[in-house]
Amino acid sequence: MENNLNLYYVFYTVAKCGNISTAASRLFISQPAISKSISKLEQNLEVTLFHRSSRGVTLTQEGELLFQQAETAFTAIRQGEEQLRRMSELGIGHLSIGASATLCRYVLLPYLKNFIQTHPHIKISISCQSSSQTICDLENRSLDIGLIGGPIRTGKLHFYPLKEIQDIFVTTKSYLNNLRKRMDIGHSRSSLSVYSQATLILLDKDNLTRQYVDAYLSRDLVENDRLIEVTTMDLLIELAKIDLGVACVISDFVKKELADGILIRLKPPAVIPKRKIGFAFHENNVSNEAVNEFLECIRHCSF
């Protein structure tokens, strides 16, 4: 089939023109070359494709059947070429992004809004999922790019850092006051007693943020079996706001609540270093045009 594609195109052109000399002119080859190609194709297929006369050529029944299929095929090829041309001219492409619901809401959306304004023809698909699932999908290349926390511990992925984030503990004044009354705890917000006696509201154990925080809490032997585990940070914040306990959240995501006094920040029982969040992509996507356009757009954002 591969070696015969040119023969099929010669056949298709002759059938469209109805004349060998006209087809030869359109294809910029000689009439004998046209005749030779048609004869070779007829020999390969063991059928006669044209009725020949002094006025030109007409398709046989077998030739008509082949022409219909050839026309479908070459029309599809032309359409594909046109779509590629439009993609090149308009910047049409596809970019698949993975991010947790929290990072999508608080971090991704501003960057995405700016990118869409400058690249309106690129198709975007977003998978809201855990960071661990995003990393897995990046490694098997079912995602183009992912917004995750760093550092990442795999040589297959490149990481473009955006900003530093800080994990903090927050609660309400009323919850803290009631906890002190119940447990006769002193007034130091940094007391380990607060964390050992309070109801802690944390992300579930499969979450990378939870694993990061647990690693530092365990160093100071903070033990507490009064836990509420949830799947999203938005829910953590809302549960803390209704006096349900002490929640571990990212400081940037509760700026308004802290400024308004709805939540108060507690000194952590252990020093939790800042960490980075950023966009990761597979090393084989370094030349992906949509990924590069997205990263270039991010570099020029000033959020």
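A few points on the structure. (Residues numbered from 1 in each chain as written. Predicted model: local features only at pLDDT ≥ 70, side-chain atom pairs only at ≥ 80, totals over all residues. Heavy atoms only, no water.)

### Concerning the pairing of strand S8 (residues 200-203)
1) Next: Note: S8 against strand S9 (residues 227-230), 4 bridges, orientation parallel. Looking at S9, one finds that Leu-202 is bridged to Glu-229.
2) Next: Bridging between S8 and strand S10 (residues 246-250) involves 2 bridges; their strand directions are parallel. Looking at S10, one finds that Ile-201 is bridged to Ala-247. (Pairing = 2+ DSSP bridges. Helix = DSSP H or I, 4+ residues; strand = E, 2+ residues; numbered from the N terminus.)

### Section: the pattern of salt bridges
1) Next: Scanning the entire structure with this criterion turns up 13 salt bridges.
2) Next: Across the pair Asp-167 and Arg-275 runs a salt bridge whose closest N-O atoms are separated by 2.8 Å. Here Asp-167, found in strand S7 (residues 167-171), pairs with Arg-275, found in strand S12 (residues 275-282); they are 108 residues apart in sequence, far enough to count as distant.
3) Next: For Lys-255, the salt bridge is made with Asp-252, and the minimal N-O distance between the two is 3.9 Å.
4) Next: With a relative accessible area of 24%, Asp-252 lands in the partly exposed category.
5) Next: In this structure, a network of salt bridges that share partners links the residues Lys-163, Asp-252 and Lys-255. (Salt bridge = Lys/Arg side-chain N within 4 Å of Asp/Glu carboxyl O. Buried < 20%, exposed > 50% of the residue type's maximum accessible area, 1.4 Å probe, protein only.)

### Notes on the packing of helix H2 (residues 20-27) against helix H3 (residues 31-45)
1) Next: Contact pair H2 / H3: the axes reach a minimum separation of 9 Å and the direction vectors enclose 105°. Taken together, H2 and H3 sit at an angle that is classed as roughly perpendicular. Between H2, through Ile-20, Ser-21, Ala-23, Ala-24 and Leu-27, and H3, the contact on the second element is made entirely by Gln-31, Ile-34 and Ser-35.
2) Next: The residue makeup of the contact of H2 with H3, split by class, is 5 nonpolar, 3 polar and no charged. (Axes fitted to C-alpha atoms, helices over the stretch in contact; angles between N-to-C directions. Parallel < 35°, antiparallel > 145°, perpendicular 65-115°, else oblique. Contact = heavy atoms within 4.5 Å. Nonpolar A, V, L, I, M, F, W, Y, C, P; charged D, E, K, R; others polar.)

### Focus on the sheet that holds strand S6 (residues 157-165)
1) Next: One open sheet accounts for 5 strands, arranged S4-S3-S5-S12-S6; its pairing is mixed. In this open sheet, the two strands that pair with only one neighbour each are strand S4 (122-128) and S6. Each strand axis lies, on average, 25° off the axis of its neighbour in the sheet, ignoring direction.
2) Next: In the sheet, strand S3 (residues 93-99) pairs with S4 via 7 bridges, with the strands oriented parallel. Pairing of Gly-98 across the sheet is with Ser-127, part of S4.
3) Next: Sheet strands touched by helix H6 (residues 131-139): S3, strand S5 (145-150), S6 and S12. Its angle to S5, the strand with the most contacts, is close to 130°.

### Describing the sheet that holds S8
1) Next: Pairing within the open sheet is mixed, and its 5 strands lie in the order S9-S8-S10-S7-S11. Of all strands in the sheet, those with a lone pairing partner are S9 and strand S11 (264-266), marking the two edges. In this sheet, adjacent strand axes meet at a mean angle of 40° when their direction is disregarded.
2) Next: Across 3 bridges, S7 lies against S11 in antiparallel orientation. Of the residues in S11, the one forming a bridge with Thr-171 is Ile-264.
3) Next: Along the sheet, helix H9 (residues 208-217) makes contact with S7, S8, S9 and S10, crossing S7 at roughly 90°.

### A look at helix H12 (residues 289-299)
1) Next: Taken residue by residue, H12 has Ala-290, Val-291, Phe-294, Leu-295, Cys-297 and Ile-298 as its buried positions. Buried positions in H12, seen along its axis, are confined to an arc of 155° and lie on one side of it.
2) Next: Contact partners of the buried residues in H12: S3, helix H5 (101-118), S5, S6 and S12. (Arc of directions from axis to C-beta.)

### Quick notes on the packing of H5 against H12
1) Next: In contact at an axis separation of 10 Å, H5 and H12 are set at 110° when each is read in the N-to-C sense. Taken together, the axes of H5 and H12 lie roughly perpendicular to each other. Relative to H12, H5 is oriented so that their crossing is right-handed. Residues Leu-108, Tyr-111, Leu-112, Asn-114, Phe-115 and Thr-118 of H5 lie in contact with H12, whose contacting residues are Ala-290, Glu-293, Phe-294, Cys-297 and Ile-298.
2) Next: Classifying every residue of the contact of H5 with H12 by side-chain character gives 8 nonpolar, 2 polar and 1 charged. (Left-handed = near helix turned anticlockwise from the far one by under 90°.)

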